[in-house]
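Architecture at a glance
Residues per chain, in single letters:
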There are 2 protein chains.
Amino acid sequence: MSLIVQKFGGSSVSDAEGIKRVAKRVARTQAAGNEVVVVVSAMGDTTDELLDLAGQITASAPAREMDMLLSSGERISMSLLAMAINEEGATAQSFTGSQAGMITDAIHGKARIIDVSPHRIKTCIERGDIAIVAGFQGMTQDSNDVTTLGRGGSDTTAVALAAALDADVCEIYTDVDGVFTADPRVVPSAQKIDRISSEEMLELAASGAKILHLRCVEYARRFGVPLHVRSSFSTNEGTWVLPSPDDKIKIQEGEPLEQPIISGVAHDRSEAKVTILGVPDIPGKAAEIFGIVAGAHSNIDMIVQNVSTKGSGKTDISFTLPIVEGRDAIEALKAAQEQVGFENIDYDDQIGKLSLIGAGMRSNPGVSYKFFQALHDAGVNVDMISTSEIRISIVTHADLLDKAVRAVHAAFDLDGESNATIYGGTGR
Amino acid sequence: MSLIVQKFGGSSVSDAEGIKRVAKRVARTQAAGNEVVVVVSAMGDTTDELLDLAGQITASAPAREMDMLLSSGERISMSLLAMAINEEGATAQSFTGSQAGMITDAIHGKARIIDVSPHRIKTCIERGDIAIVAGFQGMTQDSNDVTTLGRGGSDTTAVALAAALDADVCEIYTDVDGVFTADPRVVPSAQKIDRISSEEMLELAASGAKILHLRCVEYARRFGVPLHVRSSFSTNEGTWVLPSPDDKIKIQEGEPLEQPIISGVAHDRSEAKVTILGVPDIPGKAAEIFGIVAGAHSNIDMIVQNVSTKGSGKTDISFTLPIVEGRDAIEALKAAQEQVGFENIDYDDQIGKLSLIGAGMRSNPGVSYKFFQALHDAGVNVDMISTSEIRISIVTHADLLDKAVRAVHAAFDLDGESNATIYGGTGR
């Protein structure tokens, strides 16, 4: 008997029919002899409707109240799903984030999980029932206030529960067949990846592949949770995201992980570039700037510090961050302009980021050359570069991004036969 | 400084405009130097929409999941109201039933409050903030499951909080100007009652006056909470429902309660009559029957046991109960037919109940005579009669009810100048 955590997003439960379809799938999984815990997001448009209501009331809602409001969405979807599963002849009970023991910090709107105590979930599945858990939400430790986890929150809930329950697999249901070597909407010849290491998936997610949120992959990697990203519209195998052997944790079915040299190409249009001009070139200034940005709860991605112009005593620092966090970060920086002593700020949200991911990169010195040659041949200029052991990322102008993705995907022989039918066949 | 609990129903917060209007009123109450706790129901149609969604999934939802679903409604209204109050420049925080310490039994869908521990609400108002509490919902003591209190639940939440916080008054906001001597839609000359004892209000509520739910009035009477029933569309004084002097509790402003002989006429179309035919006329059979009905969680109202037909050893027992509880009660009785040994069941939901209420009745022997004379003159036949010290109730055919109400209202000189404009002026 396996313990399986299944996560269904809002598009899978957008209406009564969707909820019934998910219920059948969950009931079948249990009937096949598994223990099942389900994590569910709010129904399709619920969150947007609630945000719209709040917008009619105020332009600046207190974050605590916004979390209280938004967390009602999963209560609706999870109780309806429990009803639908009962209608299938199985027994299900739904649990809020608080009831499921999802303890978070108190940063409303983007809370982080600090503990998971799923006593009630354990009792539920040990009794032979199916547990439905509200994704995206938790409760603060001290004040028992309701929090939400921010973007990708439901995926993170699912992985955190899977880790705490020592589940055999965490299945992330989505509207595509798995993780692809590139976004099939940009590269029609992109292929589904059957297996990928947590490490590579982490780089893919960090580089803008939308299918799994970075936090979820980080969590899965740290706790050795095998992920299975698959379509909620078919029973086909999707993409297995497996813990690396050196993460000293169980490998699904004990098989060795096959490592292709390059896993895929990811791209991201959700970031903006901030350049701080004329920063005093003295020790501690970069840390001071990044401290200010962190204080505004913004997540810095790529950083480039230009060499100090000789003799000026000044330098420029550029970094990227999510566009949605740009306003707060810029405000915080402007407020500290005098204290830090920089001259000006430049903000550009017309950028695109492209990343090439592959564990094989470490041992293949020709990768960088081929990568930049392909970009050059395609006429793509490069604004920023950042690398890790298994990733090369570049920033270019937003308009050039699609061309760049196709060029790099082709250069590394990732093109298969057109997968457009696979992708299009998912219907949504 | 007074501590005021204000309760607003779903029609007061049916949209963003309504929520803003309530927020202004709440903020003004605090600005006038009071501590304020607000209890709020779900927005207008929310509950119906959620029930409709559940109906698309299943015809027999588990009660626990139905409570989880319905309780999301108040989360939405209360967090929006907190936002709107913050927009008014005051500070408000919203609390679920569970956070507000509303502990109930585990009868989902019609849970009863067994304890109120409003530590967080106290802390909130002591800090100078306004506390918004979800009406209608609570949490079980043992399992921390979400419960709902059933009909009139938000009023009961408000009174229970007022009692636990030792509030000076519990204001129940409604869409009419207060409690009337009869339903103005039936008797246009009905007059607003300025003051009424808890005891009389209890009889009025039990007799079908819809403006306050029976449980709420019971609770207010037991804990000596002064109620003020008033319109959310005006600042006029409404009806004060004051604890009786012999309930040994504080009287608002120390004034003696003026007791008119007759307070008002209530009517009720929500009950059905059940007649159990051919019940063995031996001790304990009535208790057995009422035990079965109670086991189906139905609330019996009036009871009439006919005199045993001489020598038959059999008797008939009639009682009334809410129509919505009729099906469960009849099913439970039929299942026990052999055990109890009765011959048949008759069910009639085309009945109407009329009640005359007044503390003065106790010391005025002519009341009954005048009451039945008025009914007789109006051609109203009487099926069942039940009396208390301050109430006479009769059951007649549903079609005769309005005529009966007008006849009795006139006979006891309750008619004032037409209040139709007052009533109609509320607009909803």
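Above this note sits the structure.
All of the points below concern the structure found in this document. Predicted model, so just to flag it, every value in this text is computed and none were measured.

Looking now at the pairing of strand β19 (residues 384-388) of chain A. Residues and elements named next belong to chain A. Sheet topology places β19 next to strand β20 (residues 391-397); 5 bridges connect them, and they run antiparallel. Residue pairing across strands places isoleucine 385 opposite isoleucine 394, the latter belonging to β20. Between β19 and β20, which follow one another and run antiparallel, lie 2 residues.

Let us now look at the nonpolar core. Residue and element names in this part refer to chain A. Among the nonpolar cores identified, the biggest contains 46 residues, and Val37, Cys170, Met201, Leu212 and Leu227 are the most heavily contacted of them. With 5 residues, the single largest contributor to this core is helix α6 (residues 153-164). Discounting residues that sit within four places of it in the chain, cysteine 170 has contacts with Val5, Ala158, Val159, Ala162, Val225, Pro226, Leu227 and His228.

Right, let's talk about the relation of the copies chain A and chain B for a bit. With an axial shift of 0.0 Å and an RMSD of 0.1 Å, the rotation relating chain A to chain B amounts to 180°. Here the symmetry operator amounts to a two-fold rotation axis. Considering only C-alpha atoms, the part of chain A nearest the rotation axis is serine 72 of chain A, at 2.6 Å. Most of the interface of chain A is mirrored in chain B, where 100% of its interface residues again form contacts.

Right, let's talk about the sheet that holds strand β11 (residues 227-231) of chain B for a bit. All names here are of chain B. The 8 strands are arranged β3-β6-β2-β1-β9-β11-β12-β10 in an open sheet whose pairing can be described as mixed. Bordering the open sheet on either side are β3 (92-95) and β10 (195-197), each of which pairs with just one other strand. The mean angle between the axes of side-by-side strands here comes to 20°, regardless of whether they run parallel or antiparallel. Pairing between β10 and strand β12 (residues 239-242): 3 bridges, direction parallel. Counted as the bridge partner of isoleucine 196 is valine 241 from β12. Against the sheet, helix α7 (residues 198-206) engages β10 and β12, with an angle of about 85° to β10.

Before going further, it helps to spend a moment on the packing of helix α12 (residues 367-377) of chain A against helix α13 (residues 401-411) of chain A. Residue and element names in this part refer to chain A. Closest axis-to-axis distance for the α12/α13 pair is 9 Å, and the angle between their directions is 135°. Viewed along their axes, α12 and α13 adopt a mutual orientation that is oblique. Crossing hand, α12 versus α13: right-handed. Between α12 and α13, the contacting residues are Lys370, Phe371, Ala374 and Leu375 on the first element and Ala404, Ala407, Val408 and Ala411 on the second. The residue makeup of the contact of α12 with α13, split by class, is 7 nonpolar, no polar and 1 charged.

What follows concerns the packing of aromatic side chains. Two measures describe an aromatic ring pair: the distance that separates the ring centres and the angle between the ring planes. Per the stated rule, a full pass over the model turns up 8 aromatic pairs over all chains. Taking the centre distance of 4.5 Å and the plane angle of 10° together, the rings of phenylalanine 8 of chain A and tyrosine 173 of chain A count as stacked. Taken together, the residues phenylalanine 8 of chain A in strand β1 (residues 3-8) and tyrosine 173 of chain A in strand β9 (residues 169-174) connect sequence positions 165 residues apart. Aromatic side chains phenylalanine 290 of chain A and phenylalanine 319 of chain A sit 5.8 Å apart centroid to centroid with 80° between the ring planes, which places their arrangement in the edge-to-face category. Residue phenylalanine 290 of chain A is located in helix α9 (residues 285-295), and its partner phenylalanine 319 of chain A is located in strand β16 (residues 314-322); the two are separated by 29 residues in the primary sequence. Residue classification places phenylalanine 319 of chain A among the buried positions, given a relative accessible area of 0%. Positioned above the aromatic ring of phenylalanine 95 of chain B, the side-chain terminus of arginine 64 of chain A is 5.0 Å from the ring centre.

Procedures and definitions
- Residues numbered from 1 in each chain as written.
- Chains lettered and ligands numbered in written order.
- Predicted model: local features only at pLDDT ≥ 70, side-chain atom pairs only at ≥ 80, totals over all residues.
- Heavy atoms only, no water.
- Pairing = 2+ DSSP bridges.
- Helix = DSSP H or I, 4+ residues; strand = E, 2+ residues; numbered from the N terminus.
- Core = buried A, V, L, I, M, F, W, Y, C linked by side-chain atoms within 4.5 Å.
- Buried < 20%, exposed > 50% of the residue type's maximum accessible area, 1.4 Å probe, protein only.
- Contact = heavy atoms within 4.5 Å.
- Least-squares fit on C-alpha atoms with pLDDT ≥ 70 in both.
- Axes fitted to C-alpha atoms, helices over the stretch in contact; angles between N-to-C directions.
- Parallel < 35°, antiparallel > 145°, perpendicular 65-115°, else oblique.
- Left-handed = near helix turned anticlockwise from the far one by under 90°.
- Nonpolar A, V, L, I, M, F, W, Y, C, P; charged D, E, K, R; others polar.
- Phe/Tyr/Trp six-rings, centres within 6.5 Å; stacked < 30°, edge-to-face > 60°.
- Lys NZ or Arg CZ within 6 Å of the ring centre and 35° of its normal.

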